[in-house]
Amino acid sequence: MQSPITSLVHVDKVRVREAGVIILTGPSSCGKGEVASALCRTLSIRPEAHLSMGEILRSTFRGAKEDSSFAQLLATKYDLSDQTNIFDCIDTTDSLTKKVLSYQAALEKFFQKSEMARFTSQLQWLEFCTMNGLLVPNRWTENFVAAHIEQARSTREESFILDGYPRTERAAEHLLAFLSSMNIPVLKVLHLSISRQEMMARAQARGREDDDKESLHKRFQFYIENVQPSVDFMKTRLGSDRIALIDAHQPVFDVTDQGPQFNLEASIKAVVGSVLRALGVPRVVLNDLLSNKEV
């Protein structure tokens, strides 16, 4: 009797066929960061080519503090400065003013400063929002995303991941127009989906200060009213074949003597498997890719 044939080839990584962008979108706490990291490892994408909205915003206000030339660039090209009052600038609106004033106690505690109801700089508001999970003015995100993509594209042409953006139909329209102007194709829009209950459970497990029930309900409502329409817009512009709806809640449980135990690593791999299939990775190599301990 012949022995079963054992494969002599093990696939650790695959590579994206053409340079372009993979867009990851979905509600808060749906696992975009974990999926993006796994895609970098399995699709031979440099970690630096994973552009998350949070990291883009963090690098902006940190760079302004550490690099005077960058701070000058922000002020002259993007009308954003630590010398400009958020209450009296190009971005000022009644709703923004009301929002900033509602966080005055938290702002003064965060920056250890008083009288911020009189003067809160644009960069202070950017830092506070970024570190506390709040949205910043649309103009800022549109400009920062474009600047980061343009800067990265000037040094090398490669595939990259855009994580957590766009979040509104307006942002989606601006992004697609910008990518078209740069001749950067959208390879796939991966829409990660979880329920309101699952989002709240995951967010509350993080233990972040601003993850109270009211804030979480508002975030999910924002997702329903803004993020989902932005995906519909991209589907209309790009075609349904470019959009993939991914179930981001695929729990895996191990059987133990103490009863079923949730396996976080296996659950993430299950979601990553769905993502890789949506990207066209052949099923024959998926087991090899997902068996890699680094995924």
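Read on for an overview of the structure. Bear in mind that the values here come from a model prediction, so they are computed numbers and not experimental data. (Residues numbered from 1 in each chain as written. Predicted model: local features only at pLDDT ≥ 70, side-chain atom pairs only at ≥ 80, totals over all residues. Heavy atoms only, no water.)

### Focus: the overall build of the protein
Alright, step 1. Within the protein, the regular secondary structure consists of 12 helices and 7 strands.
Alright, step 2. Here the C-alpha radius of gyration of the protein, 21 Å, is about what a compact globule of 295 residues would show, namely 19 Å.
Alright, step 3. By the burial criterion, 45% of the 295 residues in the protein qualify as buried.
Alright, step 4. A separation threshold of at least 6 residues defines the contact pool for the protein, and within that pool the share at least 24 residues apart is 71%. (Helix = DSSP H or I, 4+ residues; strand = E, 2+ residues; numbered from the N terminus. Rg over C-alpha atoms; globule rule 2.2 N^0.38 Å. Buried < 20%, exposed > 50% of the residue type's maximum accessible area, 1.4 Å probe, protein only. Contact = heavy atoms within 4.5 Å.)

### Quick word on the packing of helix α2 (residues 53-66) against helix α6 (residues 122-131)
Axis angle and axis distance: for two packed helices, these are the angle between their axes and the distance between the axes, and together they describe the pair.
Alright, step 1. Close contact between α2 and α6 brings their axes to 10 Å; oriented N to C, the two are set at 145°. When the axes of α2 and α6 are compared, the crossing they make is left-handed. Two secondary-structure elements touch here, α2 through Gly54, Leu57, Arg58, Thr60, Phe61, Ala64 and Lys65 and α6 through Leu123, Leu126, Glu127, Thr130 and Met131.
Alright, step 2. Its residues placed into classes, the contact of α2 with α6 shows 6 nonpolar, 3 polar and 3 charged. (Axes fitted to C-alpha atoms, helices over the stretch in contact; angles between N-to-C directions. Left-handed = near helix turned anticlockwise from the far one by under 90°. Nonpolar A, V, L, I, M, F, W, Y, C, P; charged D, E, K, R; others polar.)

### Focus on the packing of α2 against helix α3 (residues 68-78)
Alright, step 1. Between α2 and α3, the least distance of the axes is 5 Å, while the angle of their chain directions is 120°. One element, α2, and the other, α3, form an angle in the oblique class. Seen along the crossing, α2 lies across α3 with a hand that is left-handed. Only Ser68, Phe70, Ala71 and Leu74 of α3 make contact with α2, whose side of the interface consists of Ser59, Thr60, Gly63, Ala64 and Glu66.
Alright, step 2. Along the lines of polarity and charge, the residues of the contact of α2 with α3 split into 4 nonpolar, 4 polar and 1 charged. (Parallel < 35°, antiparallel > 145°, perpendicular 65-115°, else oblique.)

### Quick notes on the pattern of salt bridges
Alright, step 1. On inspection of all chains with the given rule, the structure shows 11 salt bridges.
Alright, step 2. In this structure, the salt-bridge partner of arginine 118 is glutamate 115, at a minimum N-O distance of 3.5 Å.
Alright, step 3. Taking relative accessible area as the criterion, glutamate 115 reaches 52% and is therefore assigned exposed.
Alright, step 4. Arginine 170 is the partner of glutamate 142 in a salt bridge, and the nearest nitrogen-oxygen pair spans 2.8 Å. Placement of the pair is glutamate 142 in helix α7 (residues 138-155) and arginine 170 in helix α8 (residues 169-181), with a sequence separation of 28 residues.
Alright, step 5. Residues joined in a network through salt bridges with shared partners are Arg46, Glu48 and Glu158. (Salt bridge = Lys/Arg side-chain N within 4 Å of Asp/Glu carboxyl O.)

### A look at a nonpolar patch on the surface
Alright, step 1. Where nonpolar side chains cluster on the molecular surface, the patch consists of Phe253, Phe262 and Leu264 and spans about 340 Å² of accessible area.
Alright, step 2. With respect to the helices, strands and loops of the structure, leucine 264 is situated in helix α11 (residues 264-278).
Alright, step 3. You can call leucine 264 exposed: its relative accessible area is 53%. (Patch = residues over 30% accessible without salt bridge, like charges linked within 9 Å, V, L, I, M, F, W, Y side chains within 5 Å. Areas by Shrake-Rupley, 256 points an atom, 1.4 Å probe, with all protein chains shown as cover.)

### What to know about the sheet that holds strand β5 (residues 243-247)
Alright, step 1. Taken in spatial order, the 5 strands line up as β2-β3-β1-β4-β5 in an open sheet, and their pairing is parallel. Strand pairing shows two members of the sheet lacking a second neighbour, β2 (50-52) and β5, which therefore form its edges. Between one strand axis and the next, the sheet turns by 20° as a mean value, whatever way the strands run.
Alright, step 2. Where strand β1 (residues 21-25) meets strand β3 (residues 160-163), 4 bridges bridge the pair, whose relative direction is parallel. Across the sheet, isoleucine 22 pairs through a bridge with isoleucine 161, a residue of β3.
Alright, step 3. Running at roughly 175° to β3, helix α1 (residues 32-42) makes contact with β1, β2, β3 and β4 (186-193) of the sheet. (Pairing = 2+ DSSP bridges.)

### Examining the pairing of strand β7 (residues 259-262)
Alright, step 1. Where strand β6 (residues 253-256) and β7 come together, 4 bridges link them in antiparallel fashion. From the neighbouring strand, valine 255 faces β7, where its bridge partner is proline 260.

### A word on the layout of surface pockets
Alright, step 1. Taken as a whole, the second largest pocket encloses approximately 410 Å³ of empty space.
Alright, step 2. Taken together, 14 residues line the second largest pocket, and the ones lying closest to its centre are Arg15, Val16, Arg17, Leu279 and Gly280.
Alright, step 3. Classifying every residue of the lining of the second largest pocket by side-chain character gives 9 nonpolar, 1 polar and 4 charged. (1 Å grid on protein atoms, 1.4 Å probe; cavity = no way out; pocket = protein on both sides within 12 Å on 5 of 7 lines; lining within 4 Å. Points joined across faces, edges and corners; volume = space filled by probe spheres on them.)

### Quick look at the side chain of arginine 139
Alright, step 1. Along the polypeptide, arginine 139 turns up in helix α7.
Alright, step 2. Each residue touching arginine 139, except ones within four places of it in the same chain, is listed here: Tyr78, Asp79, Ile90, Asp91, Gln122 and Arg170.

### Remarks on α1
Alright, step 1. Turning to α1, its buried residues number three or more, namely Lys32, Val35, Ala36, Ala38, Leu39, Cys40 and Thr42.
Alright, step 2. Buried-residue contacts for α1 involve β1, β2, β3, β4, α11 and α12 (283-291).
Alright, step 3. Backbone geometry just downstream of α1 places serine 44 in the positive-phi region, at approximately 60°.

### With respect to the packing of aromatic side chains
Alright, step 1. Counting across every chain of the model gives 7 aromatic pairs.
Alright, step 2. Ring geometry for phenylalanine 220 against tyrosine 223: centres 5.4 Å apart, planes inclined by 55°, an arrangement best described as tilted. Pair noted here: phenylalanine 220 and tyrosine 223 are both in helix α10 (residues 213-238), with a separation of 3 residues, about one helical turn. Accessibility assignment for this pair places phenylalanine 220 and tyrosine 223 in one class, buried.
Alright, step 3. Ring pairs connect the aromatic residues Tyr103, Phe110, Phe111, Trp125 and Phe128, which therefore count as one cluster. (Phe/Tyr/Trp six-rings, centres within 6.5 Å; stacked < 30°, edge-to-face > 60°.)

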